[in-house]
Amino acid sequence: MAIFAVLIFLFLGSVEGFSTKSQPCTYSKDKTCKPALANAIFSTLSFLLGGITSVVSGFLGMKIATYANARTTLEARKGVGKAFITAFRSGAVMGFLLAANGLLVLFISINLFKLYYGDDWEGLFEAITGYGLGGSSMALFGRVGGGIYTKAADVGADLVGKVERNIPEDDPRNPAVIADNVGDNVGDIAGMGSDLFGSYAESSCAALVVASISSFGINHDLTAMLYPLLISSMGIIVCLITTLFATDFFEIKAVKEIEPSLKRQLIISTVLMTAGIALVSWVALPSTFTIFNFGTQKSVKNWELFVCVAIGLWAGLVIGFVTEYYTSNAYSPVQDVADSCRTGAATNVIFGLALGYKSVIIPIFAIAVSIFVSFSLAAMYGIAVAALGMLSTIATGLAIDAYGPISDNAGGIAEMAGMSHRIRERTDALDAAGNTTAAIGKGFAIGSAALVSLALFGAFVSRAAIPAVDVLTPKVFIGLLVGAMLPYWFSAMTMKSVGSAALKMVEEVRRQFNTIPGLMEGTARPDYTNCVKISTDASIKEMIPPGALVMLTPLVVGTLFGVETLSGVLAGSLVSGVQIAISASNTGGAWDNAKKYIEAGASEHAKSLGPKGSDPHKAAVIGDTIGDPLKDTSGPSLNILIKLMAVESLVFAPFFATHGGLLFKLF
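Residues numbered from 1 in each chain as written. Predicted model: local features only at pLDDT ≥ 70, side-chain atom pairs only at ≥ 80, totals over all residues. Heavy atoms only, no water.

- An unreviewed UniProt entry annotates the chain as H(+)-exporting diphosphatase of Zingiber officinale.

Some thoughts on unusual backbone geometry
- Even without being a glycine, Asn 166 presents a positive backbone phi close to 55°.
- For Asn 166, the location among the structural elements is in the loop between helix H4 (121–164) and helix H5 (177–212). (Helix = DSSP H or I, 4+ residues; strand = E, 2+ residues; numbered from the N terminus.)

Observations regarding the nonpolar core
- By size, the foremost hydrophobic cluster in this structure holds 166 residues, and its most contacted members are Phe 84, Phe 216, Tyr 227, Ile 258, Leu 305, Tyr 381 and Phe 460.
- A per-element tally of this core places helix H15 (residues 421–463) first, with 18 residues.
- Non-local contacts of Leu 305, meaning those with residues more than four positions away in its chain, are made with Tyr 227, Leu 285, Phe 289, Ala 378, Tyr 381 and Val 385.
- In this structure, Cys 341, Ala 584, Tyr 597 and Leu 609 belong to the second largest nonpolar core, which totals 19 residues. (Core = buried A, V, L, I, M, F, W, Y, C linked by side-chain atoms within 4.5 Å. Buried < 20%, exposed > 50% of the residue type's maximum accessible area, 1.4 Å probe, protein only. Contact = heavy atoms within 4.5 Å.)

Notes on the environment of Asn 329
- Take Asn 329: it is sitting in the loop between helix H10 (302–327) and helix H11 (332–339).
- What makes Asn 329 partly exposed here is its relative accessible area of 21%.
- Here the alpha-carbon distance between Asn 329 and Thr 436, two residues 107 residues apart in the chain, equals 8.6 Å.
- Other than its neighbours up to four places away in sequence, Asn 329 contacts Val 334, Gln 335, Asn 593, Lys 596 and Tyr 597.
- Side-chain polar atoms of Asn 329 contact the backbone oxygen of Asn 593, separated by 3.3 Å. (Polar contact = N/O pair within 3.5 Å; in protein donor to acceptor, adjacent residues only side chain to side chain.)

Concerning the packing of helix H16 (residues 474–515) against helix H17 (residues 528–542)
- Where H16 contacts H17, the axes come no closer than 10 Å and their chain directions differ by 165°. Relative to H17, the element H16 is oriented roughly antiparallel. Crossing angle aside, the handedness with which H16 passes H17 is right-handed. Of the residues in H17, those touching H16 at Ser 497, Ser 500, Ala 501, Lys 504, Met 505, Glu 508, Val 509, Arg 511 and Gln 512 are Asn 530, Cys 531, Ile 534, Ser 535, Ala 538, Lys 541 and Glu 542.
- Counted by class, the contact of H16 with H17 contains six nonpolar, five polar and five charged residues. (Axes fitted to C-alpha atoms, helices over the stretch in contact; angles between N-to-C directions. Parallel < 35°, antiparallel > 145°, perpendicular 65-115°, else oblique. Left-handed = near helix turned anticlockwise from the far one by under 90°. Nonpolar A, V, L, I, M, F, W, Y, C, P; charged D, E, K, R; others polar.)

Here's the deal with the packing of aromatic side chains
- In this structure the tally under the stated criterion is 16 aromatic pairs.
- Ring centres of Phe 4 and Phe 652 lie 6.2 Å apart, and the angle between their planes is 90°; this geometry places the pair in the edge-to-face category. Taken together, the positions of Phe 4 in helix H1 (residues 2–13) and Phe 652 in the loop between helix H21 (615–651) and helix H22 (653–659) put the pair 648 residues apart, joining distant regions of the chain.
- By relative accessible area, which is 8% here, Phe 4 ends up buried.
- Both rings, one in Phe 84 and one in Tyr 403, keep their centres 5.6 Å apart while their planes meet at 65°; by these two values the pair is edge-to-face. (Phe/Tyr/Trp six-rings, centres within 6.5 Å; stacked < 30°, edge-to-face > 60°.)

Here it is, written out as structure tokens:
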């Protein structure tokens, strides 16, 4: 972060050669704006603020989760309803903390920066974009590092424990078991939290940048200007009401009520939020106003903005439910995958991959429709607020998402503490529901990332003064090709990192089983710390190359090839990244739940495939192990790749517009 902050300062300060004189504004040349040096200083500040907020949110989330997991196990003695409430409430704490933190820091920094910028809102909100960059760059390391950490441990524990030694999951004799349980917190809570925080910060920034050069900014109408923040604060109130439905209004008595209750959360929050958005749009916005649309001002009515936000909100719900259909073992897609385990691991892998590719279709249409409608109504601002609409119920989304790893850990604690079989069954039921909701959360993250990065892309194109992005010019087309390749390169790096870390882990676990006498009999304790060390070292070392790839690409392309090529790279990475991210997440989720379906043996069909240890079950475990890096490392990290490159290009746009394209200037 420190290195990157210096880079931001140097690049943006050099735009006007570090001069302290006021400049004519970028969009309205007749007015004077604050110098580029001020923009450099304040962008660097907001970058650091965004990064720190992101880190703090992840840290607090992990703290809450580690408090909550043992409490959930203890509550499970009283029944599944009590355990559910404990796990869900602690997830909600994390959700609200993150949503409120993001909003608070953003609001305070806008007001503090205003003391210096005064009436120059264009410069003010350009400097604020650093906040989104800070949030996302930390999220990248949280996601990639956390993903490598958790999956190295998970794959190592599963391969040696379940497949070779036939001991149950989370058995304390397994040396990798602690690392595996820690990993759930690192990847799913710190990673997911900072990821959604990043999306949220960026969509707010994209909306604010576009608004500052529209009539809101030109007429200095503060209430309308802060419309994006008002949506989010409405979201916090709505989510507060929604969580009461899960914990206080309806009591959960039986296992089968868990998943419907979590799904009800999404529906209730979406319906209430729609009313909330209508209220905010009616109160905060003037009845007609103009929105900047690539050089012209487009006239928009306040109900049109309401439609933009609402369509983003409902598209999020659609993506969530499609994801659930493809990854929950209550429906036919996962049951077909489980059935294919009869003939071994190969057919399981084929069916799983096919399911992942197929699950892309409806989410992409949902994203496409919301882009078309919101762009037609309110240009790029429409897309930015659509992304905010999708993220407005972030508190509820994170609550049902953080609930997953908490109940997963609770099961691990029950197993390691040697508690009765009944308790383990209850925590497993909580965990199975949590797996599906985690997949829904990833769907939200990917869908919102697509909208956010498109909005940022639009803001970048306006800021870098590109008249039109023409695919037929060679500069842009080569950018498209390279951009579409980047998600593959990035996935290759993350997958390989997980693979090599898992290899070390497997060797260590085998070594302990072979050399420590009495380990299998349960008389000697394994060396847990060694496995935790392997995971920690691997994740810290291995997250640097993929991180560098994402952080440096826009800088290199923008400086050497210029803004047109960079716009091609951004478009290409967006288009291919979304597809890989959705398919990877859903393939992995389906394999995981197919294995759980066979293990639970709830239906006649499931009983015919297993008990644990049967051949179909072993095939399912192999599928699940392949899916682990897909669904928890490369899939979810890709949405950060898409967003981060776009927001970084926007922050550095002033530099690229004046000094970029060195190679083409030479010839």
